[in-house]
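Residues per chain, in single letters:
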Amino acid sequence: MGKRALSIAIANVAKEVAEWKGKGKRGRKSCIGSGEGEEGSQGSGGDRGMEIVATYKRRPFILRPERKGMEPWFEVLRKLGVSRGNPNWVCQFVPSMTARGKPLGISFDFGGNVGNSLSSLRLLKWIQTTGGKQKGGKGCKVDPRKEGWDKAEQVADLLAKWHFEQKRCVGDPQVLLAACEAVNGIDLKVAKEVLESKEYSAEVEKEIEALH
């Protein structure tokens, strides 16, 4: 009897560039395997009589759109606990997340800052659209399933690791530029121009609205 195939499309909501609990991509891979999908990761779990193929698309999400500048992450979590009526919640959350991250190879560190992630989402949209080579415009778009998507995923993965493990805030333009520099083929001069402008804000906001 042949294996049954089940395709699952997973919308990856990019909270603070990574999934809020920080285990998003690596957590999924540990459950379904790893590989490359049409626009993201794909995996299979075919040793139980059913082959499961999962693909995902990264979708923008701003956890705190009203946030200005950067704030200490631990303090933000402390305030969240107080707002929930549990002032000691942060003292439970941090050790719990640290322990849960270890089996996935994630070393959580909540000692850094957090900030508004709109600029990072605009940057990723620019890379997806142009491959990180030039600004938007006629004749410059690339296939998002190829060069643009691949580069944007590399930048997003790097930012997630820096954000959750190395106390490097995605609200800091210098951190965003450093991530672009670490990925081959991204024009840093244009990336800086995009970050200093409001380009791709409308596209990001339109995607966010479509999710609600």
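Scoring rules and cut-offs
- Residues numbered from 1 in each chain as written.
- Predicted model: local features only at pLDDT ≥ 70, side-chain atom pairs only at ≥ 80, totals over all residues.
- Heavy atoms only, no water.
- Helix = DSSP H or I, 4+ residues; strand = E, 2+ residues; numbered from the N terminus.
- Buried < 20%, exposed > 50% of the residue type's maximum accessible area, 1.4 Å probe, protein only.
- Contact = heavy atoms within 4.5 Å.
- pLDDT = per-residue confidence, 0-100.
- Phe/Tyr/Trp six-rings, centres within 6.5 Å; stacked < 30°, edge-to-face > 60°.

## Concerning the environment of V94
With respect to the helices and strands, V94 occurs in helix α3 (residues 89-101). The buried category is assigned to V94, whose relative accessible area is 17%. Taking the C-alpha atoms as reference points, V94 and L77, separated by 17 residues in sequence, lie 8.9 Å from one another. Ignoring any residue separated from it by four or fewer positions in sequence, one finds V94 in contact with F74, L77 and F110.

## Some points on the confidence of the model for the protein chain
For the protein chain, mean pLDDT is 79; residues scoring 70 or higher make up 69% of the total. The lowest-confidence element of the protein chain is strand β1 (residues 4-15), averaging 43 in pLDDT; the highest-confidence one is helix α6 (residues 173-182), averaging 97. Confidence drops under pLDDT 50 across residues 1-22; counting only partners more than four residues distant or on other chains, this segment forms 64 contacts. In this model residues 34-46 is a low-confidence stretch, pLDDT under 50, and it forms 38 contacts with partners more than four residues away in sequence or in other chains.

## Topic: the packing of aromatic side chains
Per the stated rule, a full pass over the model turns up six aromatic pairs. Judged by centre distance (4.7 Å) and plane angle (25°), the ring pair of W89 and F93 falls under stacked. A residue pair is termed a helical-turn pair when its members lie 3 or 4 positions apart in one helix, as W89 and F93 do in helix α3 at four residues. F93 shares its class with W89; the two are buried.

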